[in-house]
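Survey of secondary and tertiary structure
If you want the building blocks of each chain, they are given just below.
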Amino acid sequence: EPEVTQTPSHQVTQMGQEVILRCVPISNHLYFYWYRQILGQKVEFLVSFYNNEISEKSEIFDDQFSVERPDGSNFTLKIRSTKLEDSAMYFCASRNGLAVYNEQFFGPGTRLTVL
Amino acid sequence: AQTVTQSQPEMSVQEAETVTLSCTYDTSESDYYLFWYKQPPSRQMILVIRQEAYKQQNATENRFSVNFQKAAKSFSLKISDSQLGDAAMYFCAYRSANTGNQFYFGTGTSLTVIP
C-alpha cells in the first residue's frame, strides 16, 4: 500500500542554521501539507500546497518557512534560520482530492532538534 | 478557529475489554468532518474512522465505533475487544467541509493495552 515517506527521521541542527525536511507524498496525490507537533502539544497546521503554490498557511508559517515541490515527487519544507522553538516533530501529509472524506495520509514525521 | 479537546492524556485497557476515548470540539459550522487517527510508536498516523457531521448514524469500522453527539459537539471513539496492537497515540481531528482544508487536532490520548 502506498505511503507517505519522510527523510530524515531525526535532524539535529544548530540555532541559526537552515534545514530542509523532505517528504515524498503518495504518487497520485495533488494536495500536500506540513504540520508540526511540539512535544506534549497539539499537532498544528503549517501550510497546504496545491498546483505548485501555497493554498493556505497558518500564523506559524512566517517568512522563515518555505515549501517547494522541486521535481514532481518531493515536497520540501525549508526553515531558513532555525530557532530553539522550532524543535518539534514535523509531519507531511497528502491527499488525492478525490476522496469523499478528503482523508489526509500522513508520513512518519521528522524530529527536528535545534540546539 | 476551531478547537479540538482530548481530555484524557493517557488511558489503559485490559486486553479483550472495551475502552472509550473522549473528544470534544468547538465550531460554529454545521458541515464538517471528524476523524480519529492512530499513531503507533515511531510510525505514521493512520486513519481509524471518520464521520460526516450531516450523518446522524454513528460510523463503525470493525472493532472501532464512534458516538457522535452533534449538539454536544462530542465525538468519542470506542474500541471493543482491545488488542495489543491497539496500543498507540490516538488523535481526534476536525476538518471544515466549507472553508480551507487544514485539520485541527487534539493533543492526543496515549492508549496502553494490558495483556
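First, a word on what this report is: a plain description of the structure on this page.

All right, on to the overall build of chain B then. Scanning chain B for helices and strands turns up zero helices and twelve strands. For chain B, the N- to C-terminal ordering of α and β elements is β-β-β-β-β-β-β-β-β-β-β-β. The C-alpha atoms of chain B give 14 Å as radius of gyration, which agrees with the globular expectation for 115 residues (13 Å, within 12%). Taken along its principal axes, the extent of the C-alpha atoms in chain B is 45 × 30 × 20 Å. Taking all 115 residues of chain B together, 51% fall into the buried category. If the 9 positive side-chain charges of chain B are averaged to one point and the 10 negative ones to another, these points end up 6 Å apart.

Residues and elements named next belong to chain B. One pass over the structure, following the stated rule, counts two disulfides over all chains. Note that Cys23 is cross-linked by a disulfide to Cys92, the S-S spacing being 2.0 Å. Its torsion about the S-S bond being -70°, the disulfide of Cys23 and Cys92 is classed as left-handed. Of the two residues, Cys23 is situated in the loop between strand S3 (19-21) and strand S4 (24-26) and Cys92 in strand S10 (residues 88-96); the sequence distance between them amounts to 69 residues. By relative accessible area, which is 0% here, Cys23 ends up buried.

Let us now look at unusual backbone geometry. Residues and elements named next belong to chain A. The peptide bond linking Thr7 to Pro8 adopts the cis configuration, its omega dihedral lying at -10°. Along the polypeptide, Pro8 turns up in the loop between strand S1 (5-7) and strand S2 (10-13). Even without glycine at this site, Asn51 takes up a positive phi of about 55°. Summarising the element assignment, Asn51 is placed in the loop between strand S5 (43-50) and strand S6 (53-57). On the accessibility criterion, Asn51 (58% relative accessible area) is exposed.

Here is what the cut-offs are and how they apply
Numbering of residues begins from 1 in every chain and follows the order in which that chain's sequence is written. All chains are assigned letters beginning with A, and all ligands numbers beginning with 1, in the order in which they are written. Where totals are concerned, whole chains, interfaces and linings use all residues; where local detail is concerned, this predicted model gives features only for residues with pLDDT of at least 70, and gives and counts side-chain atom pairs only at 80 or more. Neither water nor hydrogens contribute to the side-chain values; these are computed over all heavy atoms in the structure. Note on conventions: DSSP H or I runs of at least 4 residues are helices, E runs of at least 2 residues are strands, and numbering of each starts at the N terminus. Throughout, radius of gyration means the C-alpha value; the globule benchmark is 2.2 Å times the number of residues raised to the power 0.38. Here the term buried applies to any residue with accessible area under 20% of the maximum for its type, exposed to any over 50%, and partly exposed to those in between, with areas from a 1.4 Å probe on protein chains only. Within this scheme the basic residues Lys and Arg register as positive and the acidic residues Asp and Glu register as negative, but His and the chain ends are omitted. In this description, the location of a charge corresponds to atom NZ of lysine, CZ of arginine, CG of aspartate or CD of glutamate. Sulfur atoms of two cysteines make up a disulfide when they are within 2.5 Å.

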